[in-house]
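Report on the structure
Below are the chains, spelled out letter by letter.
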Amino acid sequence: MRKCLRCNAEMIEDLDVKVEGGAYGLKVTQQGIFKESLGKIRCAVCPECGYTETYIQDTSKIKELVSNR
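Residues numbered from 1 in each chain as written. Predicted model: local features only at pLDDT ≥ 70, side-chain atom pairs only at ≥ 80, totals over all residues. Heavy atoms only, no water.

You'll find the protein entered in an unreviewed UniProt entry as Nucleic-acid-binding protein containing Zn-ribbon domain (DUF2082), with Faecalitalea cylindroides T2-87 given as the organism.

1. Observations regarding the overall build of the protein
Test applied: Starting at the N terminus, helices and strands are each numbered in turn, a helix being any DSSP run of H or I of at least four residues and a strand any DSSP run of E of at least two. Burial status follows relative accessibility: with a 1.4 Å probe on protein chains alone, a residue under 20% of its type maximum counts as buried, one over 50% as exposed, and anything between as partly exposed. Residues count as neighbours in contact if any of their non-hydrogen atoms are within 4.5 Å of one another. Surface accessibility follows the Shrake-Rupley procedure with a 1.4 Å probe radius. Residue values consider only the protein chains on display as shielding.
When helices and strands are counted, the protein shows one helix and four strands. Starting at the N terminus and walking to the C terminus, you meet the elements of the protein as β-β-β-β-α. Expressed as a percentage of the 69 residues in the protein, the buried residues total 22%. Excluding contacts between residues fewer than 6 apart, the proportion of contacts in the protein whose partners are at least 24 apart in sequence is 47%. Put simply, the protein shows about 5500 Å² of open surface, and 49% of that area lies on carbon and sulfur atoms.

2. Observations regarding the side chain of R42
Under the convention used in this document: Pairing of N or O atoms within 3.5 Å defines a polar contact, subject to two protein rules: one partner must be a possible hydrogen donor and the other a possible acceptor, and residues neighboring in sequence count only if both atoms are side-chain atoms.
Secondary-structure assignment places R42 in strand β3 (residues 37-45). For R42, a relative accessible area of 10% gives the class buried. There is a polar contact of 2.3 Å between the side chain of R42 and the side chain of D16. When near neighbours in sequence (up to four residues on either side) are disregarded, R42 contacts D14, L15, D16, V17, E53, T54, Y55 and Q57.

So, in structure tokens, the structure goes:
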């Protein structure tokens, strides 16, 4: 459960982030061409004040990347 940093209310989680137009969301990847996706960006929104927060739900690929450095 995520809490709003501004008003401490419980946030609504697991929402999609999409770019207007023909795009289908945002992904985080390593730098360079043809690198593997590290995760899909998700969003949480506070129903009280409208604060939004982005996060990656599954961080296993990021943890693997850090451990290999």
